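Given next are the chains, with one letter for each unit.
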Amino acid sequence: MLETAIAIAFGLFVVAQLLNLYRLLRGPSLPDRVLALDTMYVNSIALIVLYGLSSGSKLYFEAAMLIALIGFVSTVAVAKYMTRGDIIE
Amino acid sequence: MIRKLYPFPTLSVFLLLMWLLLSGFSAGHLVLGMVLATVLPLGTLPFWPNVPRLRNFHKLVLFVLMVHWDIIVANLSVARRILGSPKKLRPAFVEVPLDIKDDFAITLLTSTVSLTPGTVSADISADASRMLVHALHVEDEAVLVEQIKQRYERRLKEIFEC
Amino acid sequence: MDIVIEYITAIFLLIGGVFALIGSLGLVRLPDFFLRLHGPTKATTLGVGGTIMASLVYFSWSEHTLHLHEILITLFLFISAPVSAHMLAKAAMHRELKYREDTRGKPWKQ
């Protein structure tokens, strides 16, 4: 029962990641690609949590937390770079 | 004295809770968390803008619950719009005049707007008197502005009394 | 009891997956950048939130301790998603990206 649900959820997130990948490759503008990357890191957090669930281990939680922190900082840094041409003024 | 040691009591309590959540509850972590809750606010004191005093704690809790409810409703309506035909969407940039003046309260307001019904905050004017909002689908701009002001801004104003 | 917990976990997982998929679908389907911004900021955040809730329920039950660890990720995502959306919207306005013609109102000059 739970295995099936985890498998379905894996499938849904993988399709979501592929759609994000399409937007990342397709563009057309730079902010579009950054938005796609932003969505990809958020979805990868869910994939890691799912993997932790399926293997019954809590260790992956720390990895998910780190990706959340680093992903946010990088999105903000790139967005700032696009508006100002500089990250730290 | 105690005021000097803990300039932001709410932040200190929050930091302690975060630390305990992150590393699990034990006597050692409680002590370490309390040290961090004292040192971090003191160390970052020079960077803080003017933080308004929290006046109404129970109203803040009610506000957070209401926003969570709105997030769920917002997601259902946004999901329906995404699955429907994009041709039917009526997007708009809407300007919302702001009554609240405090930076922190404005930040909370923009975050709330971004998380709830089909709207994303796009910009704040330099003098913080207007907010630009992009809406996914809006029939009447005036209704949207009124909704943001009545539902969120008025409540935030009561919470921080600014 | 086991079966109830399993059902709750499964429902959270499915809700999370469906919302994440809808968010990404929005990213692909919608016609301009400002519209695309709406999908990921809301639906994807809730999707990941659902998955994390599932993990929280499951581990709290299997280890017989309240496992609030995961809440931190959700909390962080809910704080950070609006900020990155705001920054990206500003960047898009600065670059004067095209928006659909029937959009009412105008973006500000950056």
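- In the nomenclature of an unreviewed UniProt entry, chain B is known as Monovalent cation/H+ antiporter subunit E of Alloalcanivorax balearicus MACL04.
- Quoted verbatim from the Sequence similarities (unreviewed entry) heading of the UniProt record, the comment on chain B is "Belongs to the CPA3 antiporters (TC 2.A.63) subunit E family."
- UniProt, in the comment section headed Subcellular location (unreviewed entry), describes chain B in these words: "Cell membrane".

- Going by the annotation in an unreviewed UniProt entry, the name recorded for chain A is K+/H+ antiporter subunit F, with Alloalcanivorax xenomutans given as the source organism.
- Under the heading Sequence similarities (unreviewed entry), UniProt records this for chain A: "Belongs to the CPA3 antiporters (TC 2.A.63) subunit F family."

## Some thoughts on the overall build of chain A
- Secondary structure summary: chain A contains 3 helices and 0 strands in total.
- In chain A, the succession of helices and strands from N to C terminus is α-α-α.
- Against the compact-globule benchmark of 12 Å for 89 residues, chain A has a radius of gyration of 16 Å, which places it well outside the compact range.
- Considering only residue pairs separated by 6 or more positions, chain A has 47% of its internal contacts joining residues 24 or more positions apart.
- Charged side chains of chain A number 6 positive and 6 negative; the gap between the two group centres comes to 7 Å.

## Looking at the overall build of chain B
- Summing up its helical and strand segments, chain B has 6 helices and 3 strands in all.
- When the helices and strands of chain B are read in sequence order from the N terminus, they spell out α-α-α-α-β-α-β-β-α.
- For 162 residues, the compact-globule estimate of 2.2 N^0.38 gives 15 Å, and chain B exceeds it by more than 25% at 19 Å.
- Counting every position in chain B, which comprises 162 residues, the buried fraction comes to 40%.
- By sequence separation, contacts in chain B at least 24 residues apart represent 70% of the contacts at least 6 residues apart.
- When the accessible surface of chain B is totalled, it reaches about 9000 Å², and 68% of it is carbon and sulfur.
- Charged side chains of chain B number 17 positive and 14 negative; the gap between the two group centres comes to 6 Å.

## Things to note about the confidence of the model for chain A
- The pLDDT averaged across chain A works out to 88; a share of 96% of its residues lies at or above 70.
- Within chain A, no element has a lower average pLDDT than helix H3 (residues 60–84) of chain A, which sits at 88, and none a higher one than helix H1 (residues 2–26) of chain A, at 91.

## Some remarks on H1(A)
- Counted at 1.5 Å a residue, the expected span for H1(A) with its 25 residues is 36 Å, and the 36 Å between its end C-alpha atoms agrees.
- Looking only at H1(A), the buried set comprises Leu2(A), Ala5(A), Ile6(A), Ala9(A), Leu12(A), Phe13(A), Ala16(A), Gln17(A), Leu19(A), Asn20(A), Arg23(A) and Leu24(A).

## A closer look at the interface of chain A and chain C
- Taken together, the contact pairs 50 residues of chain A with 48 residues of chain C.
- Between chain A and chain C, the buried area comes to about 4200 Å², and carbon and sulfur atoms account for 81% of it.
- Contact with chain C buries area across many residues of chain A, yet Leu2(A), Leu35(A) and Leu53(A) alone supply 14% of it, more than any other trio.
- The tally of links between chain A and chain C comes to 1 salt bridge.
- Residue Asp32(A) is joined to Arg36(C) by a salt bridge in which the shortest nitrogen-to-oxygen separation is 2.4 Å.
- The interface formed by chain A and chain C includes 6 residue pairs in polar contact (both at pLDDT 80 or more).
- Sorting elements by how many residues they give to the side of chain A that touches chain C places helix H2 (residues 30–55) of chain A first, with 17 residues.
- Classifying every residue of the side of chain A that touches chain C gives 34 nonpolar, 10 polar and 6 charged.

## Re the UniProt feature "transmembrane region" (unreviewed entry) in chain B
- Following the UniProt record, the feature "transmembrane region" (unreviewed entry) maps to residues 57–78 of chain B here.
- Annotation note: span residues 57–78 of chain B, helix share 100%, strand share 0%, distance between end C-alpha atoms 31 Å.

## Here we look at the UniProt feature "transmembrane region" (unreviewed entry) in chain A
Residue and element names in this part refer to chain A.
- As recorded in UniProt, the feature "transmembrane region" (unreviewed entry) lies at residues 6–22, 34–53 and 59–79.
- The span residues 6–22 shows a helical share of 100% and a strand share of 0%, and its end C-alpha atoms are spaced 24 Å apart.
- Here residues 34–53 is 100% helix and 0% strand, with 29 Å between the C-alpha atoms at its ends.

## Some details on the interface of chain C and chain B
- Contact residues are listed per partner, giving 37 residues for chain C and 43 residues for chain B.
- Both sides together, the interface formed by chain C and chain B hides about 3600 Å², and carbon and sulfur atoms give 70% of it.
- The three residues of chain C that bury the most area against chain B are Lys42(C), Arg104(C) and Trp108(C), which together make up 24% of that side's buried surface.
- There are 1 salt bridge connecting chain C and chain B.
- Two residues, Lys90(C) and Asp123(B), come together in a salt bridge whose shortest N-O distance is 3.2 Å.
- At the level of secondary structure, the elements contributing two or more residues to the side of chain C that touches chain B comprise helix H1 (2–29), helix H2 (33–36), helix H3 (38–63) and helix H4 (71–94) of chain C.
- The biggest single contributor to the side of chain C that touches chain B is H4(C), with 9 residues.
- For the side of chain C that touches chain B, the per-class residue count stands at 21 nonpolar, 9 polar and 7 charged.

Calculation criteria
- Residue positions are given per chain, counting from 1 as you read along its sequence in written order.
- Think of it this way: whatever chain is written first is A, whatever ligand is written first is 1, and the rest follow in order.
- Given that this is a predicted model, residues contribute local features only at a pLDDT of at least 70 and side-chain atom pairs are listed and counted only at 80 or more, while totals for whole chains, interfaces and linings are drawn from all residues.
- Excluded from the side-chain calculations are hydrogens and water; all other atoms, namely the structure's heavy atoms, are used.
- UniProt positions are given in the numbering used here, feature names are shortened, and annotations may be inferred rather than shown by experiment.
- Strands are runs of DSSP state E lasting at least 2 residues, helices are runs of H or I lasting at least 4, and numbering of each runs from the N terminus.
- It is over C-alpha atoms that the radius of gyration is taken, and the globule rule equals 2.2 Å times the number of residues to the power 0.38.
- In this description, contact between two residues means that some pair of their heavy atoms is separated by no more than 4.5 Å.
- Charged-residue counts in this description rest on Lys and Arg as positive and Asp and Glu as negative, His and the chain ends being excluded.
- Where a charge sits is defined by one atom per residue type, namely NZ (Lys), CZ (Arg), CG (Asp) or CD (Glu).
- Buried residues are those whose accessible area, probed at 1.4 Å on protein chains only, stays under 20% of the maximum for their type, while exposed residues exceed 50% and partly exposed ones sit between those limits.
- The Shrake-Rupley method, run with a 1.4 Å probe, gives the accessible areas here. Residue values count only the displayed protein chains as cover.
- You can read pLDDT as the predictor saying how much it trusts each residue, on a scale of 0 to 100.
- One less than the residue count of a helix, multiplied by 1.5 Å, gives the span that helix is expected to have.
- By definition, the buried area sums, over both parts, the 1.4 Å-probe accessible area that each loses when the two are put together.
- Criterion for a salt bridge: a side-chain nitrogen of Lys or Arg within 4 Å of a carboxyl oxygen of Asp or Glu.
- For the purposes of these results, a polar contact is taken to be a pair of N or O atoms within 3.5 Å, where, inside protein, one atom must be able to donate a hydrogen and its partner to accept one; residues adjacent in sequence count only when each atom of the pair is a side-chain atom.
- Each residue is assigned to one of three groups, with Ala, Val, Leu, Ile, Met, Phe, Trp, Tyr, Cys and Pro labelled nonpolar, Asp, Glu, Lys and Arg labelled charged, and all others, Gly among them, labelled polar.

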